[in-house]
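# Breakdown of the fold
Here's the letter readout for the chains.
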Amino acid sequence: MQPSFHAQDPCLNSTMVPLKPACILGIDLGTSSVKAALVEETAQGPAVFGSCTKETRAQIASQASGLQVNEQDVGKIIAALNECLGNLPQQHLQRVCRIGVSGQMHGIMFWKAGHGCRWTECGTGKKFEPDEVSHLITWQDGRCSSSFLSSLPQPQSHLSVATGFGCATIFWYLKNSPDFLKSYDSAGTIQDYVVAMLCGQERSRMSVHNAASWGYFNTTSKSWNVDILRESHFPIHLLPEVVEPGDLAGRSTCKWHQIPKGIDVGAALGDFQCSVYSCMTESTDAVLNISTSAQLTLLMPLGFQPRESPDPQSPVAYFPYFADRHLAVAASLNGGNVLATFVDVLSRWMAELGLEVPESALYPRMIQAALAQATTTLAISPTVLGERHMPDRLASVTGIGVSDLSLGHVTRALCRGVVQNLHSMLPSECLVEAGVKRILASGSALSRNEVLRQEVEMMYPLPVVYGKAVDAAVGAALVMLHRK
């Protein structure tokens, strides 16, 4: 469901006569790729008339022995973004009057105020490149152990703090590498950084989406837990100013490729919320996405407020959405990545046996074998990555019989396990009680895996609609387009 925002449209003149079709640039800075999309209003509604996606290949090999570090090279992320914009029709970029940005939540990067980037000439105009910045410590970072997290102060928030969350990462540096923090005086998510650089701001203006994803943020009062953090000697100066989702961060201070200077730039948003915004047209929709990980979400009713304190054992979290609404979210760490892990295991086993079969050939054969095996008594709990509410419960296999060890049995059980795990977090009964009428299903794992789709339809007795475009870059653009 898409709420409205109210602001003067720079594409309209003082007498409110359209000068030209509104063209909005939406950007999503994902975990593995960057996407830019151009959206404009038409007589039939908003339409995407240009987009480009680039892999970032930004992952940095960990040099930290014994730590589950997950960091990315900010320079490579921004290079992929500039490449996307360079590949879009430059005449369309000249018509851009607003920019909406979303990106991977929870993570954090640091930069030196006033030295976060440098602007240089490129083939399509000007671009910015990172200057005095840290790596991006992503949401997948595992350096904060359970024992470390339990030593942190209890937040005044309905959301628990987990490893990979911005504030938890700052606490880790405070304890283990305090000199690192002395090198920087600004921080934000990767999407906050991009917006700050576009607007020439030394510090970011962070939306409630990203603030909540960092931890130690109260979504009711819309403020950081400053007193709690200060008592633990947390560097408060690194916390960004927080604004409402859909608010502006500022205006662009430089011409960027062929995008004009002085246009409105929205405060950066969460990629999850923007993905939902791009497809949820009715308040009775639930949205299911199974890609690398898996999420199932529904919109909570008007007036709903989550409890003041976190429940670390709860499998459902309540994420701030738009217009003071919340999304109930079952966010599993185990989705398509589980199947990818199984493919990798098969490939390595075969290599050890002296057989070379490309992984791209294994996946379709697995699916075909599982389609021929409609049922199995084999039961796989696929939580190879644990879950945020149960980080120590890893995967297991039960019901192993001599006749249940074929590729078809194992693949069927693995797909069923992925869906059953999500169902255990947010059961179909909860959807029905909440008035959900249909499930909008999407994601790369679902689109290429008929077995997963079968298991979803068996587990959730509601109409399941496939093919509904779920696109965070488009969602970010739509949020800016709806500022009327």
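Attention in this report is confined to the structure presented alongside it. (Residues numbered from 1 in each chain as written. Predicted model: local features only at pLDDT ≥ 70, side-chain atom pairs only at ≥ 80, totals over all residues. Heavy atoms only, no water.)

## Examining the nonpolar core
Judged by nonpolar contacts, the single largest core of 61 residues is most densely connected at F110, W214 and W224. Elements with a contribution of two residues or more to this core: strand 2 (33–42), helix 4 (166–176), helix 7 (208–214), helix 9 (271–277), strand 22 (326–332) and helix 16 (472–481). Residue contributions to this core peak at nine residues, all from helix 16. Within the second largest apolar cluster, 45 residues are counted, among which are L298, A330, A413 and A445. (Core = buried A, V, L, I, M, F, W, Y, C linked by side-chain atoms within 4.5 Å. Buried < 20%, exposed > 50% of the residue type's maximum accessible area, 1.4 Å probe, protein only. Helix = DSSP H or I, 4+ residues; strand = E, 2+ residues; numbered from the N terminus.)

## Here's the deal with helix 1 (residues 74–87)
In this model, helix 1 (14 residues) spans 20 Å end to end at C-alpha, consistent with the 20 Å of a helix rising 1.5 Å per residue. Every buried residue of helix 1 is listed here: V74, I77, I78, A80, L81, N82, C84 and L85. For helix 1, the N-terminal capping position is held by D73, with its side-chain oxygen 2.8 Å away from the main-chain nitrogen of G75. (Expected span 1.5 Å × (residues − 1). Polar contact = N/O pair within 3.5 Å; in protein donor to acceptor, adjacent residues only side chain to side chain.)

## Topic: the environment of Q154
Note on placement: Q154 falls in the loop between helix 3 (146–150) and helix 4. In the structure, Q154 is positioned 75 residues away from L229 in sequence and 9.7 Å away in space, judged by C-alpha atoms. Leaving out residues up to four positions away in the same chain, Q154 has contacts with Y216, I228 and P310. (Contact = heavy atoms within 4.5 Å.)

## As for the layout of surface pockets
Its boundaries defined by the atoms lining it, the second largest pocket holds a volume of some 1,200 Å³. Of all elements in the fold, only strand 2, strand 3 (45–55), helix 9, strand 19 (285–290), strand 20 (294–299), strand 22 and helix 16 reach the threshold of two or more residues within the lining of the second largest pocket. Along the lines of polarity and charge, the residues of the lining of the second largest pocket split into 13 nonpolar, 19 polar and six charged. (1 Å grid on protein atoms, 1.4 Å probe; cavity = no way out; pocket = protein on both sides within 12 Å on 5 of 7 lines; lining within 4 Å. Points joined across faces, edges and corners; volume = space filled by probe spheres on them. Nonpolar A, V, L, I, M, F, W, Y, C, P; charged D, E, K, R; others polar.)

## A short note on the side chain of T189
Tracing the chain through its elements places T189 in the loop between strand 11 (186–188) and helix 6 (190–198). The exposure class of T189 is buried, given its relative accessible area of 0%. Those residues within four positions of T189 in sequence are excluded, and the remaining contacts are Q104, G107, M109, M206, N210 and W214.

## Some points on helix 6
Owing to its 3.6 residues per turn, the α-helix aligns residues three or four sequence positions apart on the same side. Of all nine residues in helix 6, nine are buried; the element is thus mostly enclosed. Along helix 6, the residues classified as buried are I190, Q191, D192, Y193, V194, V195, A196, M197 and L198. At the exit of helix 6 stands G200, carrying a positive phi of roughly 65 degrees.

## Focus on unusual backbone geometry
Notably, Y216 is not glycine yet its phi reads approximately 60 degrees, a positive angle. Mapped onto the fold, Y216 is located in the loop between helix 7 and strand 13 (217–218). According to the relative accessible area criterion, Y216 is buried, its value standing at 1%. Backbone geometry at D324 places phi at a positive 65 degrees, although glycine is not the residue there. Here D324 lies in the loop between strand 21 (316–320) and strand 22.

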